[in-house]
Amino acid sequence: MDDDKRVLGVDGCRRGWVGIAVGAGAVAAYFATELGELVSLAAKDGELDVVAVDMPIGLPDRGRREADVLARRALGPRWASVFMTPTRAALETADYGAAALVNQELAGEGISRQAYALKEKLLQADRWVRETSFRVVEVHPEVCFAELAGAPLQVRKTTWAGAERRYALLEGAGIAVPRQLGTAGAMAGVDDILDAAAVAWTARRVAAGHARSMPDPPQTFSDGVACAIWV
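Residues numbered from 1 in each chain as written. Predicted model: local features only at pLDDT ≥ 70, side-chain atom pairs only at ≥ 80, totals over all residues. Heavy atoms only, no water.

Engineer: What am I meant to see in the packing of aromatic side chains here?
Structural biologist: The relation between two aromatic rings is expressed through the spacing of the ring centres and the mutual angle of the planes. Enumeration according to the criterion identifies one aromatic pair in this entry. On the numbers, 5.6 Å between centres and 70 degrees between planes, the contact of Tyr 96 with Tyr 116 is edge-to-face. Of this pair, Tyr 96 sits in helix α4 (residues 96–107) while Tyr 116 sits in helix α5 (residues 113–117); the two residues are 20 residues apart in sequence, bridging distant segments of the chain. The exposure class of Tyr 96 is partly exposed, given its relative accessible area of 22%. Over the aromatic face of Phe 145 sits the side chain of Arg 166, whose NZ or CZ is 5.5 Å from the ring centroid. (Phe/Tyr/Trp six-rings, centres within 6.5 Å; stacked < 30°, edge-to-face > 60°. Helix = DSSP H or I, 4+ residues; strand = E, 2+ residues; numbered from the N terminus. Buried < 20%, exposed > 50% of the residue type's maximum accessible area, 1.4 Å probe, protein only. Lys NZ or Arg CZ within 6 Å of the ring centre and 35° of its normal.)

Engineer: Is there a simple way to think about helix α2 (residues 66–75) in this case?
Structural biologist: An α-helix turns once per 3.6 residues; consequently, residues spaced three or four apart project the same way. Looking at α2, one finds that the buried residues are Ala 67, Asp 68, Ala 71, Arg 72 and Leu 75. Viewed along the axis of α2, the buried residues span an arc of 130 degrees, placing them on a single side of the element. Buried residues belonging to α2 abut α7 (141–149), β6 (213–220) and β7 (226–230). Looking at the residues trailing α2, positive phi occurs at Gly 76, about 50 degrees. (Arc of directions from axis to C-beta. Contact = heavy atoms within 4.5 Å.)

Engineer: How do you make sense of unusual backbone geometry when you look at a structure like this?
Structural biologist: As a rule of thumb, non-glycine residues mostly have phi less than zero, and peptide bonds are mostly trans rather than cis. Following Met 214, the chain continues into Pro 215 via a peptide bond in cis, with omega recorded as 0 degrees. Here Pro 215 is to be found in strand β6. For the bond from Asp 216 to Pro 217, the omega torsion is 5 degrees, close enough to zero to count as cis. Mapped onto the fold, Pro 217 is located in strand β6. Positive phi outside glycine occurs at Ala 24, with the angle close to 55 degrees.

Okay, structure coming up:
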């Protein structure tokens, strides 16, 4: 694997976005309230070959995204960690009740409150990915950790055991997250940092040409964005 390539893994957190950049034997952390700002901060410290984001890229017009269905299948008993991405029309409604009704009509199912709570970040990522010149892929951290471990993890990421297990997997893959992360460490949760690092692991695989997409080839909706979860 070409470790000279510098990549960025990004995860949404309560206060904004956190990123872990990996390359040339170094691991660095970044935080910003806006996705584009975060990527710009990381890019100032060195060229980025791939930016991987833990947020849906490519919003469906109707039905479910194949990427979400396949990611759930890959996680088996941990399937609930993957939410079904709402349709674009549902995300563009004014409130949760209206969104649930629109999604029921277009996708045959409502929307989880967890998914709707990410509305602003979903739409922010949707706008940014169509404007940026960076190579951007979508990644799901739990799928990354399942790939690293050879099976879906049995312990939740919000537990001590879960965090330790994930840290050890990342360290074994050559991504040792520093103990001191500055602003990112103060603004993001432990699970957010670990998720961003896992996303960076897949970004490195994408840069090296070792990753695979779910589905293959990616699905495309009316927004014209290639939609797939990479691992």
